[in-house]
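Okay, here's what each chain looks like letter by letter:
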Amino acid sequence: MTKPYIICHMMTTIDGRIDCEMVAKLPGTEEYYATLTELSASATVSGRVTAQLELSQPGIFTAQNEEAYAQEGFSKKIVAAAYEVVVDTKGTLLWQNQADSEKPLVVITSQQVTKEYLAYLDSLQISWIVCGKEKIALVKSMKILATEFGVERVAVVGGGAINASFLAAGLLDEVSILLAPGIDGRKGMTAAFDGLSLDVEPFNLQLKNVKTYENGAIWLRYLVKK
């Protein structure tokens, strides 16, 4: 399969939870960003929920014309050495103009996205990829990211649903966890990989490397067995 080398990189509590407000209170945040840099990924991928919390502008896009794009395609607005990639199935998030961005945005949607939303992205110099009828075809979108945008290494940085989707699609080559020395423990909080059906078998990993820090954080790297 033609695709970038894809690493899921997360900071978690020792019970595997990834709530940003919780993990930010624990040692390891600086190490998380330092280790992300060490992974040398030219693109980072976030899901809609994470992007809405950390990257996009307030509010939701409301189309005046609901006509769907209803086909596959892509639009490359800016050539760059690195990209911020956001998976937004129906096209709902609001953004700033990317014309002067050092790490410009690429939005991946399904064919349910409206033509109006894609025009909105065009007006902000935001690149986009559309593939998959009702949900995003991750495998094909990663192929387009590799062949058309020149991306060789990707770091998927959450949340739990998008991480699990990449895992289930067989796209992950590596899992990188910055393990914070703390426990969340709250009922119902999202884990690093979350939302797959109950009949899914475990995914086997092979330990690649372990690094410990004086503050108690641990960096774990695993290869995903195919």
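First, a word on what this report is: a plain description of the structure on this page.

Cut-offs and rules
Positions within a chain are numbered from 1, following the residues in the order the chain's sequence is written. For a predicted model such as this one, the threshold for reporting local features is a pLDDT of at least 70, and the threshold for listing and counting side-chain atom pairs is 80 or more; totals across whole chains, interfaces and linings nevertheless cover every residue. Note that water and hydrogens are dropped before the side-chain values are worked out from all heavy atoms of the structure. Numbered from the N terminus, helices here are DSSP runs of H or I no shorter than four residues, and strands are runs of E no shorter than two. For each residue, the accessible area found with a 1.4 Å probe, counting protein chains only, is set against the maximum for its type, and the residue is called buried under 20%, exposed over 50%, and partly exposed in between. For this analysis, a polar contact is any N or O atom pair within 3.5 Å, provided that within protein one partner can donate a hydrogen and the other can accept it, and provided that sequence-adjacent residues contribute only side-chain to side-chain pairs. As used here, the arc belongs to the directions running from the helix axis to the C-beta atoms. In this description, contact between two residues means that some pair of their heavy atoms is separated by no more than 4.5 Å. Here a salt bridge means any side-chain nitrogen of Lys or Arg lying within 4 Å of a carboxyl oxygen belonging to Asp or Glu. A patch consists of residues whose relative accessible area exceeds 30% and which take part in no salt bridge; residues with like charges are grouped when within 9 Å of each other, and nonpolar side chains (Val, Leu, Ile, Met, Phe, Trp, Tyr) when within 5 Å. Throughout, the Shrake-Rupley method with a 1.4 Å probe supplies accessible areas, and for residues the shown protein chains are the sole cover considered. The pairing test for Phe, Tyr and Trp rings, Trp by its six-membered ring, is centres within 6.5 Å, and the orientation test on the planes gives stacked under 30 degrees, edge-to-face over 60, and tilted for anything in between. Here, a charge over a ring is recorded when the distance from Lys NZ or Arg CZ to the ring centre is within 6 Å and its angle to the ring normal is within 35 degrees. At least two DSSP bridges between two strands are needed for those strands to be called paired. Residues enter a nonpolar core if they are buried and are Ala, Val, Leu, Ile, Met, Phe, Trp, Tyr or Cys, with the set joined through side-chain atoms within 4.5 Å.

**Observations concerning the side chain of His 9**
Here His 9 shows up in strand 1 (residues 5-12). On the basis of relative accessible area, His 9 is assigned to the buried category, the value being 0%. Within the local environment of His 9, its side chain forms a polar contact with the backbone oxygen of Tyr 32, the two atoms lying 3.1 Å apart.

**Examining helix 4 (residues 115-123)**
Residues Tyr 117, Leu 118, Tyr 120 and Leu 121 constitute the buried set of helix 4. What you see down the axis of helix 4 is that its buried residues fit within an arc of 150°, all on one side. Just downstream of helix 4, Gln 125 is the residue with a positive phi angle, here 60°.

**Some points on helix 6 (residues 160-168)**
Considered for burial, the residues of helix 6 that qualify are Gly 160, Ile 162, Asn 163, Ala 164, Phe 166 and Leu 167. Structurally, helix 6 contributes buried residues whose contacts are with strand 1, strand 2 (43-47), strand 5 (83-87), helix 5 (138-149), strand 9 (153-156) and strand 12 (218-224). Looking one or two residues past helix 6, Gly 170 carries a phi angle of roughly 75°, positive in sign.

**Regarding the pattern of salt bridges**
Tallied over the full model, the rule gives 9 salt bridges. The salt bridge partner of Lys 140 is Glu 72, with a shortest N-O separation of 2.5 Å. You can see Lys 140 sitting in helix 5 and its partner Glu 72 sitting in the loop between strand 3 (57-60) and strand 4 (73-75), a full 68 residues away along the chain. Under the relative-accessibility criterion, Lys 140 is labelled partly exposed at 39%. A salt bridge links Glu 174 to Lys 208; the nearest nitrogen and oxygen atoms lie 3.3 Å apart. On the criterion of sequence distance, the pair formed by Glu 174 in strand 10 (residues 174-179) and Lys 208 in strand 11 (residues 205-212) is long-range, its members being 34 residues apart. In this structure Glu 174 comes out as buried when scored by relative accessible area, which is 0%. When its relative accessible area of 43% is taken as the criterion, Lys 208 is described as partly exposed. When salt bridges that share partners are traced, they join Asp 19, Asp 184 and Arg 186 into one network.

**Remarks on a nonpolar patch on the surface**
On the surface, a nonpolar cluster with roughly 210 Å² of combined accessible area is contributed by Leu 196, Val 200 and Phe 203. With respect to the helices, strands and loops of the structure, Phe 203 is situated in the loop between strand 10 and strand 11. Residue class for Phe 203 comes out partly exposed when judged on its relative accessible area of 35%.

**Let's talk about the environment of Met 10**
Inspection of the secondary structure puts Met 10 in strand 1. Leaving out residues up to four positions away in the same chain, Met 10 has contacts with Ile 18, Tyr 32, Val 156, Val 157, Gly 158, Asn 163, Ser 176, Ile 177 and Leu 178.

**Topic: the packing of aromatic side chains**
Inspection of every chain in the model, using the stated rule, returns 7 aromatic pairs. What links up through ring pairs into an aromatic cluster is the set Phe 61, Tyr 117 and Tyr 120. Over the aromatic face of Phe 149 sits the side chain of Lys 76, whose NZ or CZ is 5.6 Å from the ring centroid.

**Quick word on the pairing of strand 9**
Summarising the sheet, strand 1 and strand 9 pair through 4 bridges and their orientation is parallel. Note that in strand 9 the partner of Ile 6 across the bridge is Val 154. With 3 bridges connecting them, strand 2 and strand 9 associate as parallel partners. Paired with Ala 43 across the two strands is Val 154, which belongs to strand 9.

**Quick look at the nonpolar core**
Judged by nonpolar contacts, the single largest core of 33 residues is most densely connected at Phe 166 and Leu 172. The element best represented in this core is helix 5, accounting for 5 residues.

**Here we look at unusual backbone geometry**
Each neighbour pair has its own omega, and for Gly 158 with Gly 159 the value is 0°, a cis peptide bond. Secondary-structure assignment places Gly 159 in the loop between strand 9 and helix 6. Backbone geometry at Ala 70 places phi at a positive 55°, although glycine is not the residue there. The topology assignment puts Ala 70 in the loop between strand 3 and strand 4. Overall, the relative accessible area of 52% leaves Ala 70 in the exposed class. With phi around 60°, Gln 125 is a residue other than glycine that occupies positive phi space.

From the geometry alone we can't say anything about function, so treat these as descriptive.
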